[in-house]
Amino acid sequence: MYDPTQLRTFLAVAQTLSFTQAAHRLGLRQSTVSQHVRRLEDATGRQLFTRDTHAVELTEDGEAMLGFTRRILQVHEQATAFFTGTRVRGRLRFGASEDFVLTRLPEILEGFRHDHPEVDLELTVELSGTLHEQLAAGKLDLVLAKRRPEDPRGELVWRDDLVWIGAERLRLDADRPVPLIVYPPPGITRARALEALEREGRPWRIVCTSGSLNGLIAAARAGLGVMAHSRRLIPPGLLRLPDRSGLPYLGKVDFVLVHGRRHGAAEEAAHALATAILAGGERLRRRAH
């Protein structure tokens, strides 16, 4: 019922929220991208995007279609591999940022290992900034992390608000420096938090530094200070600070998949894992039980 080519085009538009960027990513003309989306909307009988001269947004039906699309394309690729006799194999060095420690990423990786038993998967969990450095140095084949502001590369998994979080009982004194709980350099949220405070002229002091998300969470739960964090991944026991706290706006953050430069088996394995992550993207926004 749904053409895989049209679904891939829809997925690219949904991830970039731009017909122009989707066309560039897919190597198509923008008119072709529009045609694919229109035909998919005709097939579903629903409007999938609202668009004007300034923005492209998913409708409620478009959000639902996004989840279906990821699963349909994953099954399509699995079926193609099965009936063509191609099996993904080889060594795959995958890096995931600390942000996903408490999510259902392990479930996605377990499913990938079940579907591709001949892939030797090596997992590295690190700060997003460190993972990007290791990828550039050729030490990783695929990275799931926050996008660096200066780096436009990466396939968008989702875009989220970066917010200030802390313990429920935490109270900030406007006359004292903001107590910060941060990752060490080159942490991306660390840099964003410091830049926002400096821009507003707010004094700050670092009360806890840890390369482990669990370490940061422990400090925040103890009421030592505040930390910048993805809104959809707020750990249990912590809350988003209200606007009346007076802390500056942190903006948006993109979580992306970035491929390394290796070819052959590693490239095939990285593509297969990227497909699995995109198909299970909604599970990355939920905490593991």
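Our subject in this report is the structure included herewith. In this text, all values refer to a predicted model and were calculated from it rather than measured experimentally.

1. Re the overall build of the protein chain
When you go through the protein chain residue by residue, the secondary structure sums to nine helices and eleven strands. The globule rule puts the C-alpha radius of gyration for 289 residues at 19 Å, and the 20 Å found for the protein chain is close to it. The principal-axis extents of the C-alpha atoms in the protein chain amount to approximately 65 × 45 × 35 Å. The proportion of buried residues among the 289 residues of the protein chain is 48%. The contacts in the protein chain between residues at least 6 apart in sequence include a share of 77% that link residues at least 24 apart. For the protein chain, the accessible area works out to roughly 14,800 Å², and carbon and sulfur atoms hold 49% of it. If the 41 positive side-chain charges of the protein chain are averaged to one point and the 36 negative ones to another, these points end up 1 Å apart.

2. Quick notes on the environment of A272
Checked against the element boundaries, A272 lands in helix α9 (residues 265–279). When near neighbours in sequence (up to four residues on either side) are disregarded, A272 contacts V88, F112 and H116.

3. As for the packing of helix α1 (residues 4–16) against helix α2 (residues 19–26)
Look at α1 against α2: their axes get within 8 Å of each other, and the N-to-C directions meet at 130°. Looking at the two axes, α1 sits oblique to α2. Where α1 crosses over α2, the handedness of that crossing is right-handed. Contacts between α1 and α2 involve R8, T9, A12, V13, Q15 and T16 on the former and, on the latter, F19, Q21, A22, R25 and L26. Considering only residue class, the contact of α1 with α2 consists of five nonpolar, four polar and two charged.

4. With respect to the pattern of salt bridges
For the structure shown, the criterion picks out twelve salt bridges. One salt bridge in this structure joins D61 and R46, with 3.1 Å as the shortest N-O distance. Taken together, the positions of D61 in helix α4 (residues 60–84) and R46 in the loop between α3 (30–44) and β1 (49–51) put the pair 15 residues apart, joining distant regions of the chain. Residue classification places R46 among the partly exposed residues on the basis of a relative accessible area of 47%.

5. Description of the pairing of strand β11 (residues 252–259)
The buried count for β11 comes to six of eight residues, which makes it a mostly enclosed element. Across six bridges, strand β6 (residues 155–166) lies against β11 in antiparallel orientation. Across the sheet, the residue bridging to D161 is K252, located in β11.

6. Side note on the packing of aromatic side chains
Overall, the coordinates contain five aromatic pairs when judged by the stated rule. With a centroid separation of 6.0 Å and an interplanar angle of 85°, the aromatic rings of F100 and W158 are classed as edge-to-face. You can see F100 sitting in the loop between β3 (90–97) and α5 (105–115) and its partner W158 sitting in strand β6, a full 58 residues away along the chain. F100 gets classed as buried once you look at its relative accessible area, which sits at 2%. Between the aromatic rings of F100 and F255, the centroid separation amounts to 5.5 Å while the plane-to-plane angle is 70°, which identifies the pairing as edge-to-face. You can see F100 sitting in the loop between β3 and α5 and its partner F255 sitting in strand β11, a full 155 residues away along the chain.

7. Description of a nonpolar patch on the surface
A grouping of V101, L123 and V125 is seen on the molecular surface, where their side chains present a nonpolar patch of about 220 Å² in accessible area. Judged by relative accessible area, which is 35%, V101 ranks as partly exposed.

8. Looking at the side chain of S97
You can see S97 is positioned in strand β3. Classification of S97 as buried rests on a relative accessible area of 1%. If we skip the residues at most four places from it in the chain, S97 touches V125, E126, S128, L131, L144 and A145.

9. Observations concerning the packing of α2 against α3
Close contact between α2 and α3 brings their axes to 8 Å; oriented N to C, the two are set at 105°. Comparing the axis directions of α2 and α3 gives the class roughly perpendicular. Packed against α2, whose contacting residues are F19, T20, A22 and A23, the element α3 presents Q30, V33, S34 and V37 at the interface. For the contact of α2 with α3, the class distribution of residues is five nonpolar, three polar and no charged.

Cut-offs used in this document
Sequence order as written defines residue numbering, which begins from 1 separately in each chain. Totals for whole chains, interfaces and linings use every residue, but because this is a predicted model, local features are given only for residues with pLDDT of at least 70 and side-chain atom pairs only at 80 or more, for both listing and counting. Side-chain figures throughout are based on the complete set of non-hydrogen atoms in the structure, without hydrogens or water. The helix count covers DSSP runs of H or I at least four residues long, the strand count covers runs of E at least two residues long, and both are numbered beginning at the N terminus. As defined in this context, the radius of gyration uses C-alpha atoms, and a globule is described by 2.2 Å times the residue total to the power 0.38. Only protein chains enter the accessibility calculation, which uses a 1.4 Å probe; a residue is then buried when its area is under 20% of its type maximum, exposed when over 50%, and partly exposed in between. Should any heavy atoms of two residues lie within 4.5 Å, those residues are considered in contact. What sets the accessible areas is the Shrake-Rupley method with a 1.4 Å probe; for residues, cover comes only from the shown protein chains. Positive: Lys, Arg. Negative: Asp, Glu. His and the chain ends are not part of the count. Where a charge lies is defined by one atom per residue type, namely NZ (Lys), CZ (Arg), CG (Asp) and CD (Glu). Lines fitted to C-alpha atoms define the axes here, with helix axes fitted over just the stretch in contact, and angles between the N-to-C directions of these axes take values from 0 to 180 degrees. Every angle not falling under 35 degrees, over 145, or within 65 to 115 is termed oblique; those three ranges are roughly parallel, roughly antiparallel and roughly perpendicular. Note on convention: the crossing is left-handed when the near helix lies turned anticlockwise from the far helix by less than a right angle, right-handed when the turn is clockwise. Asp, Glu, Lys and Arg are counted as charged, while Ala, Val, Leu, Ile, Met, Phe, Trp, Tyr, Cys and Pro are counted as nonpolar; the rest, among them Gly, fall into the polar class. We define a salt bridge as a contact between a side-chain nitrogen of Lys or Arg and a carboxyl oxygen of Asp or Glu at a distance within 4 Å. Strands pair, by our definition, only if DSSP identifies at least two bridges between them. Between 30 and 60 degrees the pair is tilted, below 30 it is stacked and above 60 it is edge-to-face, where a pair is any two Phe, Tyr or Trp rings, Trp via its six-membered ring, whose centres lie within 6.5 Å. Patches here: salt-bridge-free residues with over 30% relative accessible area, like charges joined within 9 Å, nonpolar side chains (Val, Leu, Ile, Met, Phe, Trp, Tyr) joined within 5 Å.

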